Amino acid sequence: QVQLVESGGGLVQPGGSLRLSCAASGRIFRINYMGWYRQAPGKQRELVATITSGNTTDYADSVKGRFTISRDNAKNTVYLQMNSLKPEDTAVYYCKAGTVVAAYWGQGTQVTISS
């Protein structure tokens with residue numbers, strides 16, 4: 001079975017930084033892309049950032065210039081560096097891995113921005 005495990009969430013003050021990581025394990029086909037999504041209370045889950053196996057990236061407008069997604073293909077791990085964090089960034093962040101046959105999701109990690 002394929003599993004994605006997120007880590008690095010927590011509580012940070014506005015303007016602070018946090019780095020999330022997500023490691024994929026188990027039997028899996030070649031991962032074409034990985035991404036981060038988030039869901040805040042009372043809101044729909046939304047895309048935050050994606051990265052392909054060729055390191056092509058895409059970001060939501062709300063995080064451009066503040067967040068950076070990267071990956072280590074050898075480790076099947078994706079990272080999300082979050083800087084200049086705002087209270088609006090508070091949400092559960094989910095990792096996603098996409099292959100030609102299926103998409104896989106992690107359990108999520110809580111990120112809270114508060115003073």
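The following refers to the structure shown.

Thoughts on the pattern of salt bridges
Here comes step 1: In this structure the tally under the stated criterion is four salt bridges.
Here comes step 2: The salt bridge partner of arginine 38 is glutamate 46, with a shortest N-O separation of 2.9 Å.
Here comes step 3: The partner of aspartate 89 in a salt bridge is arginine 38, with the nearest N and O atoms 3.0 Å apart. Of the two residues, aspartate 89 is situated in the loop between strand 8 (77-82) and strand 9 (91-98) and arginine 38 in strand 4 (residues 33-39); the sequence distance between them amounts to 51 residues.
Here comes step 4: Beyond isolated ion pairs, a larger network of salt bridges with shared partners links Arg38, Glu46, Arg66 and Asp89.

Re unusual backbone geometry
One can expect most non-glycine residues to show negative phi and most peptide bonds to be in trans.
Here comes step 1: Although it is not a glycine, asparagine 76 adopts a positive phi angle of roughly 50°.
Here comes step 2: Among the secondary structure elements, asparagine 76 is positioned in the loop between strand 7 (67-72) and strand 8.
Here comes step 3: With a phi close to 50°, serine 84 is a non-glycine residue in the positive phi region.
Here comes step 4: Take serine 84: it is sitting in the loop between strand 8 and strand 9.

Some details on the sheet that holds strand 8
Here comes step 1: The four strands lie next to each other as 1-3-8-7, forming an open sheet whose pairing is antiparallel. Each edge of the sheet is formed by a strand with only one pairing partner; in this case those strands are strand 1 (3-7) and strand 7. Neighbour-to-neighbour, the strand axes of this sheet turn through a mean angle of 15°, independent of strand direction.
Here comes step 2: In this structure, strand 7 lies alongside strand 8, joined through six bridges in antiparallel fashion. Bridging across to strand 8, serine 70 finds its partner in tyrosine 79.

Some points on the state of the cysteines
Here comes step 1: Summed over all chains, the structure comprises one disulfide.
Here comes step 2: Cysteine 22 shares a disulfide with cysteine 95; S-S distance 2.1 Å. Measuring the twist about the S-S bond at about -85°, one finds the cysteine 22-cysteine 95 disulfide to be left-handed. Within this pair, whereas cysteine 22 is found in strand 3 (residues 18-25), its partner cysteine 95 is found in strand 9, the two being separated by 73 residues in sequence. Residues cysteine 22 and cysteine 95 agree in their burial class; the two are buried.

Some details on the pairing of strand 11 (residues 109-113)
Here comes step 1: Burial of strand 11 is one-sided: the residues Thr109, Val111 and Ile113 facing one way are buried, the residues Gln110 and Thr112 facing the other way are not.
Here comes step 2: In this sheet, strand 11 lies alongside strand 2 (residues 10-12) in parallel orientation, the contact comprising three bridges. Paired with valine 12 across the two strands is isoleucine 113, which belongs to strand 11.
Here comes step 3: Sheet analysis places strand 9 next to strand 11, joined by three bridges and oriented antiparallel. Residue pairing across strands places valine 92 opposite glutamine 110, the latter belonging to strand 11.

Section: the side chain of glutamate 6
Here comes step 1: Within the element layout of this structure, glutamate 6 appears in strand 1.
Here comes step 2: Within the structure, glutamate 6 has its side chain in polar contact with the backbone nitrogen of glycine 108 (distance 2.9 Å).
Here comes step 3: Once residues within four sequence positions are removed from consideration, glutamate 6 is found in contact with Ser21, Cys22, Trp36, Tyr93, Tyr94, Cys95, Gly106, Gln107, Gly108 and Thr109.

Parameters at a glance
Residues numbered from 1 in each chain as written. Predicted model: local features only at pLDDT ≥ 70, side-chain atom pairs only at ≥ 80, totals over all residues. Heavy atoms only, no water. Salt bridge = Lys/Arg side-chain N within 4 Å of Asp/Glu carboxyl O. Helix = DSSP H or I, 4+ residues; strand = E, 2+ residues; numbered from the N terminus. Pairing = 2+ DSSP bridges. Axes fitted to C-alpha atoms, helices over the stretch in contact; angles between N-to-C directions. Disulfide = S-S within 2.5 Å. Buried < 20%, exposed > 50% of the residue type's maximum accessible area, 1.4 Å probe, protein only. Polar contact = N/O pair within 3.5 Å; in protein donor to acceptor, adjacent residues only side chain to side chain. Contact = heavy atoms within 4.5 Å.

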